[in-house]
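# Working through the structure, step by step
So you can see what is in the structure, the chains are spelled out below.
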Amino acid sequence: MVSSTHWLASQTGMRMLELGGNAADAAVAAGLVLQVVEPHLNGPGGDLPLMVASVDDPTPRVLCGQGPAPAGATPEHFASVGLDRVPGSGPLATAVPGAVDAWLTLLRDRGTMTARAVTEPALHYARHGHPVLPRVSATIATVRELFVEDWTTSAQQWLVDGSAPEPGSLVRNEAWAGTLDRLLAEEDAAARAGGSREQAIDAVRRAWSSGFVAEAVGEFSRRAFRHSGGQRLPGVLDAQDLADFEVTWEDAVTAEFAGHTVAKTGPWGQGPALLQVLTMVEGLGAVDPSTVDGAHAVVEAWKLAMADREAWLGDSWPDPSLAGALVADLLDPAYLRDRAGLVGPTASTQLRPGAPGGREPRVAAMALEVDGAPDVDATTGEPTVQRDGLTRGDTCHVDVVDRWGMLVSATPSGGWLQSSPFIPEVGFALGSRLQMTWLEQGLASSLVPGRRPRTTLTPTLVLRDGIPVLACGTPGGDQQDQWQSLFLLRHLLGGLDLQAAIDAPHLHTTSFPGSFHPRATEPGVVVAESRLGSDVLDGLRSRGHRVHEAGPWSLGRMCAVARDPRTGVLSAAANPRGMQGYAVGR
């Protein structure tokens, strides 16, 4: 079974399964299609964390395709061009692209098929076209002026007679199709020379990281373009940065919850915060987020976890080898009992990081300075209020489970068409993940060349009795794990099936420093679907929450697949919001 944020990607993954491929083959094929059909949400120039486990190899493993800061991305460089923070878009916001290498590495290490076999659907849609989504057209329309005036290569790719393409019209990316042809030619050549499947895939990876792609990216990124703050500046990414980067397999971070083991990425992602919240809420005993008590407990637990995220999660510690001890202290049951004890009867509006293991917390000075500022569009720099959960510069997700019990959960993002100018030589834009770092040094998420920016991308695997049973995830930036916590509470504790747990009303808080430029906080704010009902919403208001009602079906884009190890029965569900997510299986 496959569940993803776009029906074409889900059907593509299902085709690989029907051809005899496994979950890794299907996930790669689906992910490559997502790069083509959701270009406003992810692309080849972006990033990708994913998780995989199977009945035969049940230990959940994380594949980190989150690229680091380029060697030239120093705080001194940003200061020299008059910037006190990383812009939200433009070449200077770019981390090293990691998504393509991650997909290829998953295929090499866990898949069974060739790169050509899993790439053919994406190649077809790039060359021959696909019906463009209304949200893609709307995104292009918001940045049309920028494209026309400055990002002219993007205008040439995405505008039709000077305007955004009509929803439903065919959109092509022939430059990316050409790049895929050249990459796959390397696989063909390696196979003809007698190389194994794995060696042929590595030939594709080398062509990406050390060949024509890296050269084109390095040359283009040094051109000056307008950034989100209005400055016209070149980037610092070069070909050597791509050559120096390689994705890594890592251990997952886990916690026990409701008789299950929940597995997440390490502290370079926000995953440990979800584990904190599940533990705190279970301890508080208020586990139904559709009630006033439950919603209040979840929101307040998230404020505490996100304060810890701001102080402790990141990849920029002077000694990253100490991260394991830090995470252990953050997830220590005694520490979390103390943190849960801070949840009072009324809403908190303060940022309250804890002191795991007795460490003294430190939060970026600018995180406090922007407290209460309005949210700002990460692309245009214009004030906006992010309410619908389907945001500018959002994300994709895909989950797969196969007949042999392998599960894959992947959350590709970055490289949005609106994050950086289109590179016509290779057919994609670069990402803007560096906006999630602070130029202030000595913090967990400081900008450090060669270190990963802390990402919001956060896939999930769940095991029962040591066997993987569930893969899930969602787009949504800072809201990804918040929405997943509601799903897991309702499914694992509340007993709802996958679809009912996804369909149930969502809410989240923005009462912490956001990850996207300009890192604003909205103290005490809760954004909730109106379907939660007036009793719950008014009850939250009576406790001091600033409740903003979103549409009845507006928050979250959850995907999920599952396997019952007792029967072998598979299940899947997808998000109905936006009428785009799709679950398929047989």
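Residues numbered from 1 in each chain as written. Predicted model: local features only at pLDDT ≥ 70, side-chain atom pairs only at ≥ 80, totals over all residues. Heavy atoms only, no water.

The next point concerns the side chain of R519. Within the secondary structure, R519 sits in the loop between strand 17 (507-509) and strand 18 (525-529). Among buried charged residues, R519 stands out as having no salt bridge; its nearest opposite-charge side chain is E310, 4.3 Å away. A distance of 3.3 Å separates the side chain of R519 from the backbone oxygen of S515, its partner in a polar contact. (Helix = DSSP H or I, 4+ residues; strand = E, 2+ residues; numbered from the N terminus. Buried < 20%, exposed > 50% of the residue type's maximum accessible area, 1.4 Å probe, protein only. Lys, Arg positive; Asp, Glu negative; His and termini not counted. Salt bridge = Lys/Arg side-chain N within 4 Å of Asp/Glu carboxyl O. Polar contact = N/O pair within 3.5 Å; in protein donor to acceptor, adjacent residues only side chain to side chain.)

As a further point, take the packing of helix 1 (residues 7-18) against helix 2 (residues 23-37). Between helix 1 and helix 2, whose axes approach to 8 Å, the crossing angle comes to 150°. Relative to helix 2, the element helix 1 lies roughly antiparallel. Relative to helix 2, helix 1 is oriented so that their crossing is right-handed. Where helix 1 approaches helix 2, its residues L8, A9, T12, G13, M16 and L17 are matched on the opposing element by A23, D25, A26, A29, A30, V33, L34 and V37. Its residues assigned to classes, the contact of helix 1 with helix 2 comprises 11 nonpolar, 2 polar and 1 charged. (Axes fitted to C-alpha atoms, helices over the stretch in contact; angles between N-to-C directions. Parallel < 35°, antiparallel > 145°, perpendicular 65-115°, else oblique. Left-handed = near helix turned anticlockwise from the far one by under 90°. Contact = heavy atoms within 4.5 Å. Nonpolar A, V, L, I, M, F, W, Y, C, P; charged D, E, K, R; others polar.)

Moving on, we get to the packing of aromatic side chains. As enumerated under the stated definition, the model contains 7 aromatic pairs in all. With 6.0 Å between their ring centres and 20° between their planes, F147 and W151 make a pair best called stacked. Under the relative-accessibility criterion, W151 is labelled buried at 0%. Note on W312 and W317: the rings are 6.0 Å apart at their centroids and 25° apart in plane angle, and the pair reads as stacked. (Phe/Tyr/Trp six-rings, centres within 6.5 Å; stacked < 30°, edge-to-face > 60°.)

Among the residues of helix 15 (residues 323-330), those classed as buried are A323, L326, V327 and L330. Projection of helix 15 onto a plane perpendicular to its axis shows the buried side chains occupying an angular sector of 95°, all on one side. (Arc of directions from axis to C-beta.)

For the coordinates displayed, the defined rule picks out 7 cavities of 30 Å³ or more. A volume near 160 Å³ is recorded for the second largest cavity. When contributions to the lining of the second largest cavity are tallied by element, the ones reaching two or more residues are helix 2, helix 5 (115-128) and strand 14 (428-429). Across the lining of the second largest cavity, the residue classes tally to 13 nonpolar, 7 polar and 1 charged. (1 Å grid on protein atoms, 1.4 Å probe; cavity = no way out; pocket = protein on both sides within 12 Å on 5 of 7 lines; lining within 4 Å. Points joined across faces, edges and corners; volume = space filled by probe spheres on them.)

Regular strands show a simple pattern: their side chains alternate between the two faces of the sheet. Bridge count between strand 20 (residues 559-563) and strand 21 (residues 570-574): 5 bridges; the pairing is antiparallel. Paired with V561 across the bridge in strand 21 is A572. Count of turn residues in the strand 20/strand 21 antiparallel hairpin: 6 residues, of which G568 carries a positive phi of about 80°. (Pairing = 2+ DSSP bridges.)

The sheet built from 7 strands is open, its strands ordered 8-3-2-12-11-1-22 with antiparallel pairing. Edge positions in the open sheet fall to strand 8 (248-251) and strand 22 (582-584), since each of these has one partner strand only. Ignoring which end each strand starts from, the neighbouring axes of this sheet average 15° apart. Sheet analysis places strand 3 (residues 61-65) next to strand 8, joined by 4 bridges and oriented antiparallel. The residue bridging V62 from the neighbouring strand is E250, located in strand 8.

Nothing here speaks to function; it is all geometry.
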